[in-house]
Amino acid sequence: MSGSRSAKDFFRPLAVGAPSPLTEIPARPSRAIHFFDPSNPKMAAKVPDLVSTVDVLLGNLEDAVKADNKLAAREGLVQIAQDTDFGPTQLWTRINSLDSPWVLDDLTTLVPAIGHKLDVIMVPKVQGAEDIHYVDRLLAQLEAKADLERPILVHAILETARGVANVEEICGASPRMQGISLGPADLAADRRMKTTRVGGGHPGYLVRQDPNPDQPAAVRQTYQQDLWHYTIARMVDACAMHGIYPYYGPFGDIADVTACEDQFRNAFLLGCVGTWSLHPKQIEIANRVFSPSVEDIAHARRVVAAMGDGTGAVMLDGKMEDDASLKQCLVMVELAEQLAAIDPALKAQYDAIEVPSE
Ligand SMILES: CC(C)(COP(=O)(O)OP(=O)(O)OC[C@H]1O[C@@H](n2cnc3c(N)ncnc32)[C@H](O)[C@@H]1OP(=O)(O)O)[C@@H](O)C(=O)NCCC(=O)NCCSC(=O)C[C@](C)(O)C(=O)O
Ligand SMILES: [Mg+2]
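Residues numbered from 1 in each chain as written. Chains lettered and ligands numbered in written order. Predicted model: local features only at pLDDT ≥ 70, side-chain atom pairs only at ≥ 80, totals over all residues. Heavy atoms only, no water.

- Per an unreviewed UniProt entry, the protein chain is named CoA ester lyase, and its organism is Nocardioides agri.
- Recorded in UniProt for the protein chain, the comment headed Cofactor (unreviewed entry) runs: "Mg(2+)". (UniProt positions renumbered as here; feature names shortened; annotations may be inferred.)

Written out as structure tokens, the structure is:
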């Protein structure tokens, strides 16, 4: 909750006639947030075919869209939103940063034109709660003017050192806060990290096996470490504390599908609900990685069945299961149910699982 607003005011609209804020952020599937540049005719032409393959389509207006194309991207997004039936797929946008000359027109154009279709607005380079407060109030004014019936949610990108230092207050700055994504490229630059990649690891960031005193000349094994572990873990805790959702972010080496899958899976295991896809071939990877495996769901359902009223301890395959491991299993089972509701192929796989009676 924001320190500057009292508890009773936190869920009141910030403009007369604006829709009431949500008291809970819906857990809608968002395994892949697929980025496209609405000013790129080839990408825009692919949107209708992508709709049924992805949980979130995001019209990107910020970095990766050339300055000369900013207007075309904004207008292209309006056109695409008006012309496309998105079904259960969400429509998000990434607006330009708050210190840019484009962001005001982004918001004042998009909300009246397509606010009823926009689920979430992603705000880049968020530094602190004050950035969210600015967007929050402006959105309320625009929503009131446009007679919108539900609030547009806000997602922040964590891509400055100050943003990371303030991540807890950012998550709690507004009832609109839906989630946070890692922005590894801007964050690396802002922190003066010595990396040049968009996400992923670095071969120099490693730990090395101790020397063997009996074989001092023997090759010592090295293990590459995850550069993003600290930031992702911090982001996950801040999001969980505020009931909002953490996401990995971009993996820029489009050709390296193996390392992309590994980075996505690390984020999934640490608590993230999804990631970005920058290229159509990353959608399948994200959908697969951010859906619990059939084996995990089979195990989770076994534990749920064996734990009866959910208290006490039992042995399954030589392992202790108790109230806490049951809660871990329920996280998986609930996620599987949410995903099955929108993904018939996944539903068929989960439905085919047989739970043995213990
Ligand atoms: C990487 C690029 C240049 C390779 O684009 P390409 O055309 O060279 O690739 P391709 O393999 O030849 O593409 C095959 C076909 O797929 C199309 N295509 C390709 N990508 C897409 C797409 N996303 N959506 C829809 N269609 C797509 C492409 O147009 C082409 O169509 P065609 O068969 O008709 O010729 C291209 O994929 C791209 O521009 N992707 C989006 C990049 C982007 O949004 N970047 C910003 C997010 S990351 C970021 O901002 C950092 C962050 C968080 O801020 C921070 O860490 O700080
Ligand atoms: Mg960035």
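Alright, that's what it looks like, and here's the rest.
### Quick notes on the coordination of the magnesium ion (ligand 2)
At step 1: The protein atoms that coordinate the magnesium ion (ligand 2) are Glu159 (OE) and Asp186 (OD), at distances spanning 2.0 to 2.2 Å. Of this pair, glutamate 159 sits in the loop between β5 (153–158) and α5 (161–165) while aspartate 186 sits in helix α7 (residues 184–191), and the two are 27 residues apart along the sequence.
At step 2: Taking the relative accessible area as the measure of exposure, aspartate 186 reaches 27% and is therefore partly exposed. (Donors = N, O, S within 2.8 Å, 3.2 Å for Na, K, Ca; no water. Helix = DSSP H or I, 4+ residues; strand = E, 2+ residues; numbered from the N terminus. Buried < 20%, exposed > 50% of the residue type's maximum accessible area, 1.4 Å probe, protein only.)

### Observations concerning the packing of aromatic side chains
At step 1: A complete count under the given rule lists six aromatic pairs for this structure.
At step 2: Consider the rings of tryptophan 92 and tyrosine 247, whose centres lie 6.0 Å apart with planes at 80°: the pair is edge-to-face. Of this pair, tryptophan 92 sits in strand β3 (residues 90–94) while tyrosine 247 sits in strand β9 (residues 245–247); the two residues are 155 residues apart in sequence, bridging distant segments of the chain. This pair shows no difference in class: tryptophan 92 is buried, exactly as tyrosine 247 is.
At step 3: Through a chain of ring-to-ring contacts, three or more aromatic side chains come together here, namely Tyr248, Phe264, Phe268 and Phe290.
At step 4: Above the plane of the ring of tryptophan 102 lies lysine 70, whose end atom (NZ or CZ) is 4.8 Å from the centre. (Phe/Tyr/Trp six-rings, centres within 6.5 Å; stacked < 30°, edge-to-face > 60°. Lys NZ or Arg CZ within 6 Å of the ring centre and 35° of its normal.)

### Concerning the site of ligand 1
At step 1: By nearness alone, 21 residues border ligand 1, and Phe35, Lys46, Ala185, Leu278 and His279 come closest of all.
At step 2: In the model, a nitrogen atom of ligand 1 is placed 2.8 Å from a nitrogen or oxygen of the phenylalanine 35 main chain.
At step 3: Between an oxygen atom of ligand 1 and a side-chain N or O atom of arginine 94, the distance comes to 2.9 Å.
At step 4: Breaking the shell around ligand 1 down by element, the ones donating at least two residues are β1 (32–36), α1 (41–50) and α7.
At step 5: Examining the composition of the shell around ligand 1, we find that four residues originate from one element, α1, more than from any other.
At step 6: Counted by class, the shell around ligand 1 contains eleven nonpolar, four polar and six charged residues. (Near = heavy atom within 4 Å. Polar contact = N/O pair within 3.5 Å; in protein donor to acceptor, adjacent residues only side chain to side chain. Nonpolar A, V, L, I, M, F, W, Y, C, P; charged D, E, K, R; others polar.)

### Side note on the sheet that holds β5
At step 1: With respect to topology, eight strands assemble into an open sheet ordered β9-β6-β5-β4-β3-β2-β1-β10, the strand pairing being parallel. Edge positions in the sheet fall to β9 and β10 (275–277), since each of these pairs with one other strand and no more. Pairs of neighbouring strands in the sheet enclose a mean axial angle of 25°, with direction left out of account.
At step 2: Note: strand β4 (residues 120–123) against β5, four bridges, orientation parallel. Bridge assignment links methionine 122 to a residue of β5, and that residue is histidine 155. (Pairing = 2+ DSSP bridges. Axes fitted to C-alpha atoms, helices over the stretch in contact; angles between N-to-C directions.)

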